[in-house]
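Breakdown of the fold
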Amino acid sequence: AHLDAFPAVALLGPRQCGKSTLAKYLIQNVKQSVYLDLERPSDRQKLTEPELFLDAHRGRLVCLDEIQRVPEIFPVLRSVIDQQGQSGQFLILGSASRDLIRQSSETLAGRIAHLELTPLLFSEVRSAPYALNTYLLRGGFPSSLLASSDKDSFRWRSHFVRTFLERDIPQLGIRIPSTTIERAWKMCAHYHGQLLNLSRLGEALGVSHPTVRSYVELLSQTLMLRILPPLHVNLKKRLVKSPKIYLRDSGILHSLLDVATYDDLLGHPVVGSSWEGLVIENVLAELPAWRGSFYRTAKGAELDLVLERGQKRIAIECKMSSAPKVTQGFWNALKDLEISEAWVVAPVKESYPIGKGVTVAPLSEFLQRYAA
């Protein structure tokens, strides 16, 4: 639909999440199309004279994979788009966020639609023979989830981390030692689901406050880290103002923490926040029209996720328990925000109420209700 409405569509997401596979599936149904993998020197060579190449393929859908390898092509794309004046000219794939491919936003303003492709969501895999605990442990990257064993999955994720640090980051023009980014990434993994404390992170890494902020922003912009903002409301209460941080893929989180099996995970302090991060990622990906934040007061009233759309608010609490219990802080938060509908999302088999307007439910049931 976006290709029918815009001259260019950018499909952005972390490496190995399935962008190329999806793009090839889409363009195989387009009679006039051409695909360039800009990781390959031979394909990059074809763009030595980009205007000549694109003119030779006028009228075709041109797919440019790993566009961050040739950022200088964006002014040429703008010229071609304006000359041809039609939709569906370019499908652009990139392994970085739109902020790191800022040329696309600046040069192609009004001509491009940005779409984010995440690793596999639970709604995409729950009909396959994968238990929820496998999805939680391994995360959503296809090669990790589809591995023949937990050991092979863990090995793949370790390799992914190493490649990201040693190849992907330098390719983006970022001159920070891989060991430094690795330490920052691992520190963020240890603080997964907690408030972002730049001073504490900086002290642990031995760097200044602005420097550690730049590391966190880098991990966020490369779609490895989610920075969840606090809810801003006009209440006569002292609200927490710092955001919370989550690694966006549970499998990568577990790799950085050296959690190799589901039994290891169950015995690790991160298990609850790991589940919380998985729920938040799936909910925000499936409900893009809703704005997500968390709520916490100085006196302990707290909600893991508050969804807002217009005047409507929904509260979500995440519990990694087959018999979840909520605290008084949860009920206080519902009262503070006058929320009449709340969900406790847990690995349970079926839903049941625990109070007026409050339902314990499996992740799949919540998503089925709201992601339609």
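Summarised in this report is the structure supplied together with it. Quantities reported herein were computed from a predicted structural model and do not represent experimental measurements. (Residues numbered from 1 in each chain as written. Predicted model: local features only at pLDDT ≥ 70, side-chain atom pairs only at ≥ 80, totals over all residues. Heavy atoms only, no water.)

Here's the deal with the nonpolar core
Ranked by size, the top nonpolar core spans 75 residues in total, and within it Trp 185, Leu 247, Val 283, Leu 307, Ile 316 and Phe 366 carry the most contacts. In terms of residues, this core owes the most to one element, helix 16 (residues 271-286), which gives seven residues. With sequence-adjacent residues up to four places away left out, Val 283 is seen in contact with Leu 305, Leu 307, Ile 316, Leu 363, Phe 366 and Leu 367. In terms of nonpolar packing, the next biggest core, distinct from the first, is built from 23 residues, Leu 38, Leu 64, Phe 74 and Val 80 among them. (Core = buried A, V, L, I, M, F, W, Y, C linked by side-chain atoms within 4.5 Å. Buried < 20%, exposed > 50% of the residue type's maximum accessible area, 1.4 Å probe, protein only. Helix = DSSP H or I, 4+ residues; strand = E, 2+ residues; numbered from the N terminus. Contact = heavy atoms within 4.5 Å.)

Some details on the sheet that holds strand 2 (residues 33-37)
Taken together, the five strands give an open sheet; going across it, the order is 2-3-4-1-5, and neighbouring strands pair in parallel fashion. Two strands close off the open sheet at either side, each with one partner strand: strand 2 and strand 5 (112-116). Across this sheet, the average inter-strand angle for adjacent strands is 15°, counted without regard to direction. Seen against the sheet, helix 5 (residues 74-84) touches strand 1 (8-12), strand 3 (61-65) and strand 4 (90-94) and runs at an angle of roughly 160° to strand 4. (Pairing = 2+ DSSP bridges. Axes fitted to C-alpha atoms, helices over the stretch in contact; angles between N-to-C directions.)

Focus: the environment of Trp 331
Along the chain, Trp 331 falls in helix 17 (residues 328-337). Since its relative accessible area comes to 30%, Trp 331 is described here as partly exposed. The spacing of Trp 331 and Ala 301 is 30 residues in sequence and 7.7 Å in space, taken between C-alpha atoms. Each residue touching Trp 331, except ones within four places of it in the same chain, is listed here: Val 326, Ile 354, Gly 355 and Val 358.

As for empty space enclosed by the protein
Taken as a whole and judged by the stated rule, the model has three cavities of 30 Å³ or more. Considered as a void within the structure, the largest cavity measures approximately 250 Å³ in volume. In terms of lining, the largest cavity is formed by 24 residues, of which the most central are Pro 119, Arg 248, Asp 249, Ser 250 and Glu 281. Taken together, the elements giving at least two residues each to the lining of the largest cavity come down to helix 14 (250-256) and helix 16. When grouped by side-chain class, the residues that make up the lining of the largest cavity number twelve nonpolar, eight polar and four charged. What the second largest cavity holds in volume is close to 90 Å³. Surrounding the second largest cavity, Pro 14, Arg 15, Gln 68, Ser 95, Phe 160, Phe 164, Asp 168, Gln 171, Leu 172, Thr 222 and Met 224 form its lining. Grouping the amino acids of the lining of the second largest cavity by side-chain chemistry returns five nonpolar, four polar and two charged. (1 Å grid on protein atoms, 1.4 Å probe; cavity = no way out; pocket = protein on both sides within 12 Å on 5 of 7 lines; lining within 4 Å. Points joined across faces, edges and corners; volume = space filled by probe spheres on them. Nonpolar A, V, L, I, M, F, W, Y, C, P; charged D, E, K, R; others polar.)

Notes on the packing of aromatic side chains
Under the definition given, this model contains ten aromatic pairs. The interplanar angle of 85° and the centroid separation of 6.2 Å between the aromatic rings of Trp 343 and Tyr 370 together place this pair among those described as edge-to-face. Remark: Tyr 370 occurs in helix 18 (residues 363-370) and Trp 343 occurs in strand 12 (residues 342-345); sequence separation between them is 27 residues. Tyr 370 matches Trp 343 in its accessibility class, with the two residues each being buried. Connected via pairs of aromatic rings, a cluster forms that spans Trp 290, Trp 343, Phe 366 and Tyr 370. One residue, Lys 244, lies across the ring of Phe 294, its end atom 5.1 Å from the ring centre. (Phe/Tyr/Trp six-rings, centres within 6.5 Å; stacked < 30°, edge-to-face > 60°. Lys NZ or Arg CZ within 6 Å of the ring centre and 35° of its normal.)

Read these as spatial facts, not as claims about activity.
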